[in-house]
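# Topology and contacts: notes
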Amino acid sequence: MEKITVDYQSCDKLVDFLKKHPVPEDKEEPTKINLPEDVTKNFYLALVAICHQTTPMTGPALQGTVDGTFLRGWDYLRAAMLKATANDNSIVYPASLSKITDKTLSGIIKGDDGKGEISNLEERVRLLNDMGSKMQQSGAGSVQQLFEKSEGHIDNYGEKKGLYELLSEFEAYSDPVKKKSSYFLSLMKNQGFWNYSDEENLLPVVDYHEIRIALRLGTVKINDEELRSKLANKQEVTWQDDIDIRSGVQKALVYVAKESGLGHSKLHYFLWNLSRNCCNRDSPHCSSHGGKCALPQRYVQLGQEIGSVSCLFSPFCESSGKEGKLFDHVVKTHYY
Ligand code: SF4
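Below: a short report on this structure.

The rules we used
Residues numbered from 1 in each chain as written. Predicted model: local features only at pLDDT ≥ 70, side-chain atom pairs only at ≥ 80, totals over all residues. Heavy atoms only, no water. Helix = DSSP H or I, 4+ residues; strand = E, 2+ residues; numbered from the N terminus. Rg over C-alpha atoms; globule rule 2.2 N^0.38 Å. Buried < 20%, exposed > 50% of the residue type's maximum accessible area, 1.4 Å probe, protein only. Contact = heavy atoms within 4.5 Å. Core = buried A, V, L, I, M, F, W, Y, C linked by side-chain atoms within 4.5 Å. Lys, Arg positive; Asp, Glu negative; His and termini not counted. Salt bridge = Lys/Arg side-chain N within 4 Å of Asp/Glu carboxyl O. Near = heavy atom within 4 Å. Nonpolar A, V, L, I, M, F, W, Y, C, P; charged D, E, K, R; others polar. Axes fitted to C-alpha atoms, helices over the stretch in contact; angles between N-to-C directions. Parallel < 35°, antiparallel > 145°, perpendicular 65-115°, else oblique. Expected span 1.5 Å × (residues − 1).

Right, let's get into the overall build of the protein. Broken down by element type, the protein carries 14 helices and four strands. Relative to its length of 336 residues, the protein is compact, with a C-alpha radius of gyration of 20 Å against a globular reference of 20 Å. For the protein, the spread of C-alpha atoms along the principal axes amounts to about 50 × 50 × 40 Å. Relative to its 336 residues, the protein shows a buried fraction of 54%. Within the protein, counting contacts between residues at least 6 apart in sequence, those at least 24 apart form 73% of the total.

As structure tokens, this is what we get:
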């Protein structure tokens, strides 16, 4: 038996739930972005390029206060970068990215109280430098030029390169499972900036929240005892195991998105929000939200409509209320 397999029976339980209930729209939580459109596109390109491992299994989580609001992970990074970009639009364009320094990025991340820190700062700077330099070398002054070069195609077509391949030339976007590029392309679509001629080729985003909830729901099974033990005990896995686990989760997501009719983006936002808020690493809300669930209101409303007082997936989740839940795997990567 393969080390990692998709469990289609468990996937079907999720599909049933998704077909029965009105899943809220896919959207970013409201963040006031008063940047010009082209700046916003390049802002997201730079932001997604360095958004990985913001809540590492070991080491400090990225969190802090920006403009008086306490935020964590992606929300914090987005708010801190947005503030810096609003002060100086040029920082997200290739000329600045190619030269950005540790000191500049660390200044951006510091937040209101000057205490915000991000892991692997030097590596993130290197990723931005690489992307800025390569864009400059190819004569692209903005990510919009990559879109125009692709003629709105996600995958390659004929002799021409699609957006996945164009983005993969940057180290930050070179993940074989295409996490960051799928996320960035979804953002561009959801913000109303880009439409794709071959939207069916946009793959689901697989991040660590989606891995954790897939492992716990049972939509993806780990059949190898040694690997399973590593996932239960927060031990580091190999580069290949990382790719295989994420590819398995991606395969399950493709199936669920298609069978439920939800589409990848709507499914991603639903699972991401539920996992991050309810199916968190150490105190999942299997039987109760415990009065401190930060699930966005539109998902809370769905819970109220169906009379749920805990995680929406409790009635059919294989791990609900059980000991020894699996965790998203530990791996050193800048892919997600
Ligand atoms: S029931 Fe518990 S383990 Fe299952 S998805 Fe919900 S919070 Fe996670």
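Right, picking up where we left off after that structure.
A separate point is the nonpolar core. Formed by 104 residues in total, the largest nonpolar core has its most connected members in Tyr173, Phe184, Leu185, Trp194, Phe270 and Phe313. Residues in contact with tryptophan 194, not counting those within four places in the same chain, are Lys41, Val143, Gln144, Phe147, Leu163, Phe184, Leu185, Met188 and Lys189.

Looking at the secondary structure, you find lysine 179 in helix H9 (residues 179–190). The side chain of lysine 179 sits in the buried core without any salt bridge; aspartate 207 is the nearest counter-charge, 5.0 Å away. Those residues in contact with lysine 179, other than ones at most four positions away along the chain, are Cys51, Val205, Val206, Asp207, Arg246, Tyr335 and Tyr336.

Glancing now at the pattern of salt bridges. Evaluation of the coordinates by the stated rule reveals 19 salt bridges. Aspartate 241 serves as the salt-bridge partner of lysine 3, at 2.9 Å between the closest nitrogen and oxygen. Of this pair, lysine 3 sits in the segment before strand E1 (4–6) while aspartate 241 sits in helix H12 (residues 239–260), and the two are 238 residues apart along the sequence. On the basis of relative accessible area, lysine 3 is assigned to the partly exposed category, the value being 35%. The buried category is assigned to aspartate 241, whose relative accessible area is 6%. Note that glutamate 199 and lysine 189 form a salt bridge whose closest N and O atoms lie 3.4 Å from each other. Of this pair, glutamate 199 sits in the loop between H9 and helix H10 (208–217) while lysine 189 sits in helix H9, and the two are 10 residues apart along the sequence. Ionic contacts of the salt-bridge type, sharing partners, join the residues Asp7, Lys221 and Glu318 into one network.

Now for the site of the ligand. Looking at the ligand, the residues that line it are Ile213, Arg216, Cys278, Cys279, Pro284, His285, Cys286, Cys311, Ser314, Cys317, Ser320 and Lys325. Looking at the shell around the ligand residue by residue, the class counts come to seven nonpolar, three polar and two charged.

Further remarks concern the packing of H10 against helix H13 (residues 264–277). Axes are the key here: two packed helices are described by the angle between their axes and the distance separating the axes. The contact between H10 and H13 brings their axes to 8 Å, and the two run at 80°. Looking at the two axes, H10 sits roughly perpendicular to H13. Contact residues: H10 offers His209, Glu210, Arg212 and Ile213, while H13 offers His268, Leu271, Trp272, Leu274, Ser275 and Arg276. In terms of residue class, the contact of H10 with H13 is made up of four nonpolar, three polar and three charged.

Taking 1.5 Å of rise per residue, the 17 residues of helix H6 (residues 121–137) would be expected to cover 24 Å, and the 24 Å separating its terminal C-alpha atoms lies within 8% of that figure. What H6 keeps buried is the set Leu121, Arg124, Val125, Leu127, Leu128, Asp130, Met131, Gly132 and Met135. Against the buried residues of H6 lie helix H2 (37–49), helix H4 (94–97), helix H5 (102–109), helix H7 (143–150) and H9. Glycine 139 lies just past H6 and shows a positive phi near 80°.

This is a description of form; function is not addressed.
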